[in-house]
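Understanding the architecture of this molecule
Residues per chain are reported as follows:
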Amino acid sequence: MTKAPDDKPKYIIPQTGYFAHDPDRPQPPIVTPGVAQSAPSDATVLFDGKDLSAWRGSKQDEPTWKVEDGYMEVVPKTGGIVTREEFGDIQLHLEFASPAEVQGQGQGRGNSGVFMMGTYEIQVLDNFENPTYPDGTVGAIYSQWPPLVNGIRKPGEWNTYDVLWEVPLFEGPKLLKPAFITVLFNGIVIHNHTQILGPTVIGTGDLPCYKAHPPVGPISLQDHGNPVRFRNIWVRRIGAYDLV
Ligand code: MG
């Protein structure tokens, strides 16, 4: 117990280390919000429409994707791209557009993916009037969880992902805490603090099974053979309360 300024006894809340309305608690840092989905002031911008300097290629150092008119586009069969920087718990924003010229069906139409820590895929797919197996639908935690809803826009139109990512924690080879993910797709919740079951398994037959890895990792975008476009990509590291 401690005495508050008005001399009434107040109790420190053990979980926070402060009493309610404690004036000595650090002020939350002020952040200027972005305008119309542009990056907030404390974000790490990974793609601002101009260049791929924040990225390397998955097959070679120089990324191979095309940059024009404020977006980047997959150059099919040249490999994915991977952030040069690595991240732990983050808020990620990115936008993607399926090819305006519709080709293929099912998994063959506008396929790409966002791999958290290079390992856990959020599916990117053109599912506008194009159903596929549910856990491979756009927004799915691929091979594990379908999106709660399919809120995709028409081919060629821009979609947004806003992702909250909580890293898995390991002690040696042992999993202490699985990863959790929250995803908004075009502003609609499609995963709400959903447990990731393990690394993404491509195909069927194998169960997802965690393998220990460092607490930080890159974000990678997939080349699945379709000219999917991306723009406006930024991340914010999620910190702890009361850090100053
Ligand atoms: Mg994919």
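This text gives an overview of the structure that appears in the document. (Residues numbered from 1 in each chain as written. Predicted model: local features only at pLDDT ≥ 70, side-chain atom pairs only at ≥ 80, totals over all residues. Heavy atoms only, no water.)

1. A closer look at the sheet that holds strand β12 (residues 120-124)
Condition: Here the rule is simple: two strands pair whenever DSSP picks up at least two bridges between them. Here a helix means four or more residues in a row that DSSP labels H or I, a strand means two or more in a row labelled E, and each is numbered from the N terminus.
Taking strand neighbours across the sheet as the criterion, the five strands line up as β6-β9-β18-β11-β12 in an open arrangement whose pairing is antiparallel. Whereas interior strands pair on both sides, the edge strands pair on one side only; in this sheet they are β6 (55-57) and β12. With two bridges joining them, strand β11 (residues 112-116) and strand β18 (residues 220-221) adopt antiparallel strand pairing. Across the sheet, Phe115 pairs through a bridge with Ser220, a residue of β18.

2. Description of the coordination of the magnesium ion
Inclusion rule: Because no water is among the atoms considered, metal sites can look incomplete, with donors defined as N, O and S atoms within 2.8 Å of the metal, or 3.2 Å for Na, K and Ca. For each residue, the accessible area found with a 1.4 Å probe, counting protein chains only, is set against the maximum for its type, and the residue is called buried under 20%, exposed over 50%, and partly exposed in between.
For the magnesium ion, the full set of protein donor atoms is Asn111 (OD1), Ser112 (O), Glu121 (OE), Gln123 (OE1) and Gln222 (OE1), and the range of their distances to it is 2.3 to 2.4 Å. In the primary structure, the donors to the magnesium ion are separated according to the pattern N-S-x8-E-x1-Q-x98-Q. Residue Ser112 is classed as buried on the basis of its relative accessible area, which comes to 0%.

3. A word on the side chain of Thr182
The criterion, for reference: Polar contacts here mean pairs of N or O atoms no more than 3.5 Å apart (in protein, one a potential hydrogen donor and the other a potential acceptor; neighbouring residues in sequence count only if both atoms are side-chain atoms).
Topologically, Thr182 is positioned in strand β16 (residues 180-185). According to the relative accessible area criterion, Thr182 is buried, its value standing at 13%. Of the polar contacts made by the side chain of Thr182, one reaches the backbone nitrogen of His193; its length is 2.8 Å.

4. Comments concerning the packing of aromatic side chains
The condition that has to hold: Any pair of Phe, Tyr and Trp rings, taking the six-membered ring for Trp, is counted once the centres come within 6.5 Å. Such a pair is stacked with planes under 30 degrees apart, edge-to-face with planes over 60 apart, and tilted for the rest.
Summed over all chains, the structure comprises nine aromatic pairs. On the numbers, 5.3 Å between centres and 50° between planes, the contact of Phe96 with Tyr161 is tilted. Of this pair, Phe96 sits in strand β10 (residues 90-97) while Tyr161 sits in strand β13 (residues 158-166), placing them 65 residues apart in sequence. Relative accessible area serves as the criterion here: at 1%, Tyr161 is assigned to the buried category. Between Phe96 and Phe185, the aromatic rings sit 6.1 Å apart at their centres with planes inclined by 5°, giving stacked as the arrangement. In this pair, Phe96 sits in strand β10 while Phe185 sits in strand β16, placing the two residues 89 residues apart along the sequence. Here the two residues Phe96 and Phe185 agree in accessibility, since each one is buried. In this structure an aromatic cluster arises from ring pairing among Tyr120, Trp165, Phe170 and Tyr210.

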